[in-house]
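Fold and contact review
If you want the building blocks of each chain, they are given just below.
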Amino acid sequence: MRNTSTQVKYLRDYQAPRFLVDRTELHFDIRDGETLVTATLQLARATPGSQDALSLDGDDLTLLSVLVDGQPWSDHQVGEGVLLVNGLPDRCTLTTQVRIHPEQNTALEGLYACGPYLVTQCEATGFRRITYFPDRPDVLSRYRVSIEADAARYPTLLSNGNCIETRELVGGRHLAVWDDPHPKPSYLFALVAGSFEQLAGEYTTTSGRRVSLELYADKGQGKRLGFALESLIESMRWDEVHYGREYDLDRYLIVAAGAFNMGAMENKGLNIFNTSCLLADPDTATDAGYRVVRDVIAHEYFHNWTGNRITCRDWFQLSLKEGLTVFREQQFSETVNDPAVARVEQVRGLRAFQFPEDAGPMAHPVRPESYVEMNNFYTATVYEKGSEVIRMMRTLVGEAGFRRGMDVYFERHDGQAVTIEDFVAAIEAGSGVDLSAFRIWYAQAGTPRVQVRDQWDAATGTYQLRLSQQLAPTRGQPDKQPAPIPLSVALFNRDGQRLSQAAETTLQQTQEGVLVLDAPTADVQWAGLSERPILSMLRGFSAPVRLHFEQPDADLSLLMRAEDDAFARWEAGQRLVHAAFADFLAGDDAPGKARLSAFCQAVAATDPEAPIVGEWLDLPSTVEFTDGLERVDVDAVLVADGCVRRAVAEGLREQLHAWYLAAETEQPYRFDADQAHRRRRRTACLQLLARVDADLAVDLASTLLSSADNLTDRLAALAAVNDLDRSERGELFDAFAQRWGDEALAMDKWYQLQAVSAVQGMPAGIAELAMRADYDRGVPNRVRALFGAFGQRHFAGLHAASGEGYRLLADEVLTMDSLNPQVASRLVRPLTQLARIDGERAEWMRNALERIAAKQDLSADVREIVSAAL
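Attention here is on the structure that accompanies the text. (Residues numbered from 1 in each chain as written. Predicted model: local features only at pLDDT ≥ 70, side-chain atom pairs only at ≥ 80, totals over all residues. Heavy atoms only, no water.)

Considerations on the overall build of the protein
Which entries qualify depends on this criterion: Helix and strand assignments come from DSSP, with helices taken as H or I runs of at least 4 residues and strands as E runs of at least 2, each series counted from the N terminus. The cut-offs for exposure are 20% and 50% of the maximum accessible area for each residue type, with area from a 1.4 Å probe on protein chains only; residues under the lower value are buried, those over the upper are exposed, and the others partly exposed. Contacts are assigned to residue pairs with any non-hydrogen atoms lying within 4.5 Å of each other. For accessible areas, the Shrake-Rupley method is used with a probe of radius 1.4 Å. Any residue's cover is judged against the shown protein chains and nothing else. By the counting scheme adopted, Arg and Lys are positive, Glu and Asp are negative, and His together with the chain ends is not counted. In this description, the location of a charge corresponds to atom NZ of lysine, CZ of arginine, CG of aspartate or CD of glutamate.
For the protein, the helix and strand inventory stands at 27 helices and 33 strands. Principal-axis analysis of the C-alpha atoms gives the protein an extent of 90 × 65 × 60 Å. Out of the 870 residues in the protein, the part that is buried amounts to 60%. Taking all contacts inside the protein whose residues are at least 6 apart in sequence as the whole, residues at least 24 apart take part in 70%. Carbon and sulfur atoms form 47% of the exposed surface of the protein, whose accessible area is close to 32,200 Å². Once the 89 positive and 124 negative side-chain charges of the protein are each reduced to a mean point, those two points are 1 Å apart.

Written out as structure tokens, the structure is:
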């Protein structure tokens, strides 16, 4: 049964469960074409003596029997998505048996076929597609799971916890029994059945527990599990050192799934991963892909404590586990990667995805107040902004105070389903800092705008700031309140030396030079200065805000050279480039060219071996340039975007080829920070070269593609020619596809590049790619690679002057909605930005959305988003 309900669920309506499930025993009888699931629940009324019926969630289930304490029970009704059982005693054992059809499950929720094997995905509400159960995160139960299946077809049978029994059965079948001693909600249940290659390892915890580490992948993919195993061991060690958290089972299992809606799932003791987040070797993973594998491995492992041992009371509290775990993942990434580059990547991701979300029709707080379909709220706001909120919290209470607060959180709430208030209270208890005013960050949607105005008084040697904050109204929140905003600030003199004078202000200040702006406006001043200083504001990206500060180009250029905060140094360059884009957009080319000249001079004056050079050369995407524009003139944006890229390429023409050649190496591929920085710099140089010397870029790209020993360099070659309407482009892309056509992960990257190409990535070209035999709508990675990249990253293609881009994307949304509503709901989001688009394009976008909305059986996933936009 498809979920087409538009019923709104509200946080204010939360009620505690009426029945608790002390223990759950599941038996899976896996057969060809169907699976029988027998569930035995040990139930207890939360309020003894009440007469409430037991309400169990269930979707797409065929009910075969209901027993209470071993006896048939006729007093039950099956409704839409629910099984009601009446007249139960305060304590009893309920047994149900249902039939399900995993092979027909294209939504990839619950138990489904992933090629030749079976896997599960139960978060948020997939468990109800497996059996009838109170499918909510605050019902915690201990699980014992038995699985029987054909031994030849499904030799590996896995579930949560520890395997306590295996045996052969008659007829070539076999059985495995798994027991998880830790209570967990149903969304953390997992099952895998199939034939896999395995990589095994071992880890010994600080207390001496020996943990068997087992990673599973499809046949032929086992050779790509090694880096994931290394990353898992690194993550386990890191969590012990930084948070004192050890693993708590005898086995830790990870399985790679080729068809998976999410990146990965932290099921207790049995993680299930998208292949793109687990498998890595030089031929199928880029440098960025290696980082994704390491970070996602860490993220899912860290969930063992922040998500599994302590989970969320209801789905409105999702950021309790996700925002916190993203923050822990980011801390880990800053430890094992270059911390400056890691922070730059985090902020670029936030601005590219979360800021537009905050400015769009689906804007919502970190803790939403309502939803129709919970899958729509696995968002950058809940995850990445939620992490930034915790980062600010750590800034306010200090590193030591935050660690003490985390210890309190683990001690108080282990084994519980809790709320964001519980988490904040634990940080307060551990740090001794009152965070009552800070809680507003969880309640208000939108990105605050911080305005900075400065004034220099040469006569008195005083430098003054007037700071103000504003938050625009969002859907359902017309009135906003000021929030405490940590602003990391530093002053520099004209020689680039940092000044030590203390600020004079009524605002709270930390020892690290952070001002906490907690009012609509505030003043700050520094006295006793000999010359006008240069201000560096929002260092380290200390708060998720939009900074508005008209600062001289010379100041930004100096900060690019002198700032000792690597993020602020990168950001100074970004501000110059964005200001130049605004100039070109307004038709004011002269100041735009002057700003970019200053930018290029600062880049050229920097040691090219410095990692920041590659970050500077990777210019903002067109979508990033448009972020923050209230109205978007598509044609003017495309002209201004081209002007920026050409001006930078011209300004660095002398350096680009030399830097490209200097970054070459005869060393074989190795994923480490130094090599990755060199490859990133070389990739950016080659793409910019294509803007000013296409012949040279084609020659270099052809040589690189034929000689490269890794996917990063091969894709750099393709990216360099991607926007060139020349025969060599097609030849290089064809050569790649012929050599790597059987490697799904490599071909996903090929599709992504095609989708953003000025040549192939226009609507007719996208339609052509969708007709290829290897475009498989049953594999979310492939759909996201083509239509996800087209909609989210190819500004010119989506907004093609004919309006065909909108119609094409709407067609794919409608097709995918019938197969996989979660994927469809992600694809439709670019169309929801119509309110910002100028001219007739906005009407074409509206027409596309209205055509989607007219589908009679449109899923709740898509309808919620489309309705908000319309």
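Some thoughts on the packing of aromatic side chains
The criterion, for reference: Geometry of aromatic contacts follows a simple scheme: Phe, Tyr and Trp rings, the Trp one being its six-membered ring, pair when their centres are within 6.5 Å, and the pair is stacked under 30 degrees between planes, edge-to-face over 60, tilted otherwise. Counted as over-ring charges are cases with an Arg CZ or a Lys NZ within 6 Å of the ring centre that also lie within 35 degrees of the ring normal.
According to the stated counting rule, one finds 36 aromatic pairs in the structure shown. Aromatic side chains Trp 238 and Phe 332 sit 5.9 Å apart centroid to centroid with 90 degrees between the ring planes, which places their arrangement in the edge-to-face category. Of this pair, Trp 238 sits in helix 1 (residues 226-243) while Phe 332 sits in helix 3 (residues 318-336); the two residues are 94 residues apart in sequence, bridging distant segments of the chain. For the pair Trp 238 and Phe 332, one class covers both residues: buried. Among the residues examined, Phe 332 registers a relative accessible area of 0% and is labelled buried. In this structure an aromatic cluster arises from ring pairing among Trp 238, Tyr 243, Tyr 247, Tyr 252, Tyr 301, Phe 302 and Phe 332. The ring of Trp 740 has Arg 739 sitting right over it, with the charged end atom 3.9 Å from the ring centre.

Brief notes about the pattern of salt bridges
Let me state the cut-off plainly: For salt bridges, the criterion is a side-chain nitrogen of Lys or Arg within 4 Å of an Asp or Glu carboxyl oxygen.
Throughout the structure, instances matching the rule amount to 71 salt bridges. A salt bridge links Asp 553 to Arg 595; its shortest N-O distance comes to 2.7 Å. Of this pair, Asp 553 sits in helix 9 (residues 553-562) while Arg 595 sits in helix 11 (residues 589-604), and the two are 42 residues apart along the sequence. Of the residues examined, Asp 553 reaches a relative accessible area of 24% and is grouped as partly exposed.

As for unusual backbone geometry
Across the junction of Glu 123 and Ala 124, the peptide omega takes the value 0 degrees, indicating a cis bond. Mapped onto the elements of the fold, Ala 124 is located in the loop between strand 11 (117-121) and strand 12 (141-150). Even without being a glycine, Leu 538 presents a positive backbone phi close to 65 degrees. Judged by relative accessible area, Leu 538 falls into the buried class, the value being 3%.

Looking at the sheet that holds strand 16 (residues 191-194)
Quick reminder of the rule: Paired strands are those between which DSSP finds at least two bridges. Inter-axis angles, ranging from 0 to 180 degrees, are taken between N-to-C directions of lines fitted to C-alpha atoms, where helices are fitted over the stretch in contact.
Within the open sheet, the four strands sit side by side as 10-11-16-13. Their pairing is antiparallel. Strands with a single pairing partner mark the edges of an open sheet, and in this sheet they are strand 10 (110-114) and strand 13 (156-159). Taken pair by pair, the neighbouring strands of this sheet meet at an average axis angle of 15 degrees, ignoring direction. Across five bridges, the pairing between strand 10 and strand 11 is antiparallel. Opposite Leu 111, over in strand 11, you have Thr 120 as the bridge partner.

What about the nonpolar core?
For the record, the criterion: In plain words, nonpolar cores are sets of buried Ala, Val, Leu, Ile, Met, Phe, Trp, Tyr and Cys residues tied together by side-chain atoms within 4.5 Å.
Phe 28, Phe 189, Tyr 409, Phe 423, Phe 599, Phe 736 and Ile 852 are the most contacted members of the largest nonpolar core, which totals 279 residues. Setting aside its immediate chain neighbours within four residues, Phe 736 contacts Leu 705, Leu 711, Arg 714, Leu 715, Leu 718, Gly 741, Ala 746, Met 747 and Trp 750.

A few points about helix 24 (residues 804-819)
It helps to recall that an α-helix has 3.6 residues per turn; residues three or four apart then point in one direction. For the record, the criterion: Under the convention used throughout, the expected extent of a helix is 1.5 Å for every residue step, that is, one less than its residue count.
The terminal C-alpha atoms of helix 24 lie 23 Å apart, and with 16 residues this matches the ideal 22 Å at 1.5 Å per residue to within 8%. For helix 24, the full list of buried residues reads Gly 805, Tyr 806, Leu 808, Leu 809, Ala 810, Glu 812, Val 813, Leu 814, Met 816 and Asp 817. Where helix 24 is buried, its residues contact helix 21 (763-769), helix 22 (780-793), helix 23 (795-798), helix 25 (821-827), helix 26 (840-853) and helix 27 (860-869).

Points about the packing of helix 3 against helix 4 (residues 339-358)
Note the following rule: We call a crossing left-handed when the near helix sits turned anticlockwise from the far one by less than a right angle, and right-handed when that turn is clockwise.
The N-to-C vectors of helix 3 and helix 4 enclose an angle of 145 degrees; their axes lie 7 Å apart at closest approach. For the pair helix 3 and helix 4, the crossing hand works out as right-handed. On the side of helix 3, the interface is formed by Gln 330, Ser 333 and Glu 334, while helix 4 contributes Pro 339, Ala 342, Arg 343 and Gln 346.

Concerning the packing of helix 9 against helix 11
Filter applied, for reference: The scheme is simple: roughly parallel for angles under 35 degrees, roughly antiparallel for over 145, roughly perpendicular for 65 to 115, oblique for anything else. By the convention adopted, Pro, Cys, Tyr, Trp, Phe, Met, Ile, Leu, Val and Ala count as nonpolar, Lys, Arg, Asp and Glu as charged, and the other residues, Gly among them, as polar.
Two numbers describe how helix 9 lies on helix 11: the axes approach to 9 Å, and their chain directions differ by 20 degrees. The angle between the axes of helix 9 and helix 11 places the two elements in the roughly parallel class. Viewed along their axes, helix 9 and helix 11 form a crossing whose handedness is right-handed. For the pair helix 9 and helix 11, contact is made by Asp 553, Ser 557, Met 560 and Arg 561 and by Arg 595, Ala 598, Phe 599, Gln 601, Ala 602 and Val 603, respectively. Partitioned by chemical class, the residues of the contact of helix 9 with helix 11 number five nonpolar, two polar and three charged.

Some remarks on the sheet that holds strand 3 (residues 34-45)
In space, the eight strands of this open sheet follow the order 6-5-9-3-2-12-15-14, with mixed pairing throughout. Only two strands of the sheet have a single neighbouring strand rather than two, namely strand 6 (71-72) and strand 14 (162-168). Pairing between strand 5 (residues 62-68) and strand 9 (residues 91-100): six bridges, direction antiparallel. Each residue of the ladder has a partner; that of Ser 65, found in strand 9, is Gln 97.

A word on the side chain of Glu 300
Relative to the assigned elements, Glu 300 resides in helix 2 (residues 287-302). Excluding residues that lie within four positions of it along the chain, Glu 300 makes contacts with Tyr 252, Ala 264, Met 265, Glu 266, Asn 271 and Phe 273.

Description of the pairing of strand 11
Counting buried positions along strand 11 yields five of five residues, so the element is predominantly enclosed. Residue alternation in strand 11 divides its side chains into two sets, Tyr 117, Val 119 and Gln 121 and Leu 118 and Thr 120, and both sets are buried. Hairpin connection, strand 10 to strand 11: the antiparallel pair is bridged by two residues, and Gly 115 has positive phi, about 65 degrees. Across two bridges, the pairing between strand 11 and strand 16 is antiparallel. Each bridged residue has a counterpart across the sheet, and for Val 119 the counterpart in strand 16 is Val 192.

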